[in-house]
Amino acid sequence: MITTSIQPLEAPSPAYICPLDQACSYLEAAARELKLDQGLLQVLSHPRKVVTVSIPVKRDNGEIEILAGHRVQHCDVLGPYKGGIRYHPAVTLREVSALAMLMTWKCALLGIPYGGAKGGIALDPKRYSVSELERLTRRYTSELIKDIGPSVDIPAPDMGTSAREMAWMMDTYSVNVGHAVPGVVTGKPLSIGGSLGREMATGRGVMIIVREALADQGKSLADMRVVIQGFGNVGSAAALLMHEAGAKVIAVSTGSGGVYSETGLDIPALKAYAAENRRSVVGFPQAIPINNAELLTLPCDVLIPAALENQITEENVNQVQAKIVAEAANGPVTLIANQSLEARGVTVLPDILANAGGVVVSYLEWVQGLSYLFWDEERVNRELEHLMVQAYRQVINHSKTRQIPLRLAAYTLGVGRVAQALTDRGLYP
Ligand code: NAD
């Protein structure tokens with residue numbers, strides 16, 4: 001029998017919470033608040049371009065496997081498309097479409113001249129060798145060659161990808177067009193035009209937004225009890241920066257389980273341990289093992305989901321004890337759980353604000369590349385700090401003026417700016 005990895009558009013199971021439905025619900029709420037024209041809402045609800053490609057990859061044992069790769073370009077009214085590439089078994093077209101839409105609002109909220117896009121391949125990167133990953137990344141890139149480019153669509157790392165995959169993408173694109181094009185991707189290695197500060201940028205942005213939210217409550221990061229789900233690029237950087245600012249990071253987890261210490265984990269030692277143990281924190285000495293379900297409901301001041309969507313749901317939201325939830329991942333709190341947290345007075349720092357540090361420094365990397373002038377890390381971090389704090393203030397002020405929750409305030413600002421640009425540009429033809 002012939003099998004195919006192209007997934008159906010339908011939800012995989014009845015319990016599945018569709019990220020695209022959730023993204024559209026948030027868009028509709030923002031549209032109601034903005035009293036947006038129904039026609040404009042229709043335009044903004046639909047991605048402009050959806051590309052699905054088959055990726056034949058030769059495994060090291062000689063067998064050929066076909067993977068499904070997607071790239072969704074949501075809206076380029078403000079500038080070129082921008083968004084990460086995700087390698088994860090749960091990648092679906094609907095998930096990628098939702099994430100592309102979030103990118104549009106995120107860039108607009110931060111005042112960055114990009115539109116939203118997202119890409120992904122449904123695969124578990126741990127099951128592939130480095131040379132297999134290189135082959136499939138290069139094939140995926142070449143399938144998308146006409147759809148990406150430094151002024152068209154600029155991919156970046158996301159879950160399961162890193163600077164290494166961006167280097168392969170940049171090289172494949174450059175070889176195909178006949179000259180080096182560093183600006184086709186961001187989050188690439190420093191040796192080929194990456195930016196200082198990019199690796200820590202999303203985690204740094206999370207730290208800045210949490211710090212500002214605490215300051216508004218008359219508190220500081222010092223001695224705050226912080227719990228982080230996910231210890232990859234974003235989670236580990238946020239953990240390290242919070243630890244350096246004096247917070248007690250009492251628990252962190254990876255896909256294979258987590259660790260807990262009442263007195264606070266030694267984050268630099270934990271990072272070194274994860275680097276030597278296939279990115280897992282399980283078995284870290286001087287800590288108690290904990291599973292992901294327990295981790296989310298620990299008593300703490302700040303909970304940072306930095307892994308996947310739909311982690312805080314109707315099922316576990318009543319057990320969440322954090323006073324602040326900072327969405328480092330995209331969509332980790334479901335719509336219903338979000339309403340419940342807001343009703344209980346928990347401060348929910350929404351993804352399009354809290355995790356925007358990555359796209360901000362991607363933008364700074366792109367600007368440096370286009371101007372052939374590279375900055376020191378201090379300057380990159382200063383620009384990041386400025387844009388993050390500015391966006392945070394705008395969201396807080398809008399929330400207060402309109403008496404609406406932070407998420408709705410953030411969405412209203414992002415969606416409103418895109419809708420205004422669309423109105424000013426007009427509809428072609
Ligand atoms: P990553 O692949 O570097 O790390 C993901 C982490 O989550 C790993 O530690 C992994 O073990 C863990 N994880 C996976 N499944 C899990 C599960 N079921 N329970 C607990 N932990 C689990 O990915 P990343 O780049 O850190 O991205 C994490 C999230 O942040 C994603 O939602 C991504 O979209 C979002 N994000 C990333 C960036 C960026 O710059 N990388 C920017 C904005 C948003």
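All values derive from a computational prediction rather than experimental measurement.

Trainee: Give me the lowdown on the site of the ligand, citing residues and values where you can.
Mentor: Taken together, 23 residues lie around the ligand, and Arg86, Asp158, Thr202, Asn233 and Val234 are the ones closest in. For the ligand, an oxygen atom lies 2.7 Å from a polar atom in the side chain of threonine 202. Contacts to the ligand include asparagine 330, whose side-chain N or O atom sits 2.9 Å from an oxygen atom. Isolated, the ligand exposes 830 Å² of accessible area, and the fraction of that covered by the protein chains is 88%. Among the secondary structure elements, those contributing two or more residues to the shell around the ligand are α6 (198-216) and α7 (233-244). Within the shell around the ligand, the residues separate by chemical class into eight nonpolar, 11 polar and four charged. Each of two domains, domain 1 (45-183) and domain 2 (201-354), supplies a minimum of three residues to the shell around the ligand.

Trainee: Would you mind going over the confidence of the model for the protein chain in detail, with residue names and values included?
Mentor: On average, residues of the protein chain score 95 in pLDDT, and 97% of them reach the 70 mark or higher. Note on residues 1-6: pLDDT under 50 across the span, and six contacts to partners over four residues away in sequence or across chains.

Trainee: Go over the layout of surface pockets, please, and point to the residues and values.
Mentor: Rolling a probe over the atoms, with the probe sized like a water molecule, indicates the empty space that remains. Taken as a whole, the second largest pocket encloses approximately 330 Å³ of empty space. Arg48, Asp76, Leu422, Arg425 and Leu427 are the residues nearest the centre of the second largest pocket, which is lined by 13 residues in total. Partitioning the lining of the second largest pocket into residue classes produces seven nonpolar, three polar and three charged.

Trainee: Got a sec to walk through the packing of α7 against helix α8 (residues 267-276)? Specific residues and values, please.
Mentor: Contact geometry for α7 and α8: axes closest at 9 Å, N-to-C directions at 155°. By the angle class used here, α7 and α8 are roughly antiparallel. Residues Ser236, Ala239, Leu240 and His243 of α7 lie in contact with α8, whose contacting residues are Ile267, Pro268 and Lys271.

Trainee: Which residues make up the side chain of lysine 118, and what values do they have?
Mentor: Checked against the element boundaries, lysine 118 lands in strand β4 (residues 115-121). Reaching out from lysine 118, the side chain makes a polar contact with the side chain of aspartate 158 at a distance of 3.1 Å. When sequence neighbours within four positions are dropped, the list of residues in contact with lysine 118 reads His70, Arg71, Val72, Gly84, Val96, Leu99, Ala100, Asp158 and Asn330.

Trainee: Tell me about the sheet that holds strand β2 (residues 64-75), and please be specific about residues and values.
Mentor: Spatially, β1-β2-β4-β3-β5 is the arrangement adopted by the five strands of the open sheet, whose pairing is mixed. Across the chains shown, the open sheet's two edge strands, defined by having one partner strand only, are β1 (49-58) and β5 (153-157). Each strand of the sheet is rotated relative to its neighbour by a mean of 20°, with strand direction disregarded. One ladder, built from five bridges, connects strand β3 (residues 81-87) with β4; its direction is parallel. By the bridge assignment for β4, arginine 86 is matched with glycine 120. Helix α5 (residues 163-177) contacts β3 and β5 of the sheet and is inclined by roughly 150° relative to β5.

Trainee: Got a sec to walk through empty space enclosed by the protein? Specific residues and values, please.
Mentor: Applying the stated criterion across every chain yields a total of one cavity of 30 Å³ or more. Volume-wise, the largest cavity comes out at about 130 Å³. Lining the largest cavity are 15 residues, and of these Pro19, Gln22, Leu102, Gly331 and Asp351 lie nearest its centre. Those elements giving two or more residues to the lining of the largest cavity turn out to be α1 (19-34), α3 (93-110) and α14 (406-425). The element that contributes the greatest number of residues to the lining of the largest cavity is α1, accounting for four residues. Among the residues forming the lining of the largest cavity, the class breakdown is eight nonpolar, four polar and three charged. Shared between two domains, the lining of the largest cavity holds at least three residues of each, these being domain 1 (45-183) and domain 2 (201-354).

Rules behind the numbers
- Residues numbered from 1 in each chain as written.
- Predicted model: local features only at pLDDT ≥ 70, side-chain atom pairs only at ≥ 80, totals over all residues.
- Heavy atoms only, no water.
- Near = heavy atom within 4 Å.
- Polar contact = N/O pair within 3.5 Å; in protein donor to acceptor, adjacent residues only side chain to side chain.
- Areas by Shrake-Rupley, 256 points an atom, 1.4 Å probe, with all protein chains shown as cover.
- Helix = DSSP H or I, 4+ residues; strand = E, 2+ residues; numbered from the N terminus.
- Nonpolar A, V, L, I, M, F, W, Y, C, P; charged D, E, K, R; others polar.
- Domains from an automatic or database assignment.
- pLDDT = per-residue confidence, 0-100.
- Contact = heavy atoms within 4.5 Å.
- 1 Å grid on protein atoms, 1.4 Å probe; cavity = no way out; pocket = protein on both sides within 12 Å on 5 of 7 lines; lining within 4 Å.
- Points joined across faces, edges and corners; volume = space filled by probe spheres on them.
- Axes fitted to C-alpha atoms, helices over the stretch in contact; angles between N-to-C directions.
- Parallel < 35°, antiparallel > 145°, perpendicular 65-115°, else oblique.
- Pairing = 2+ DSSP bridges.

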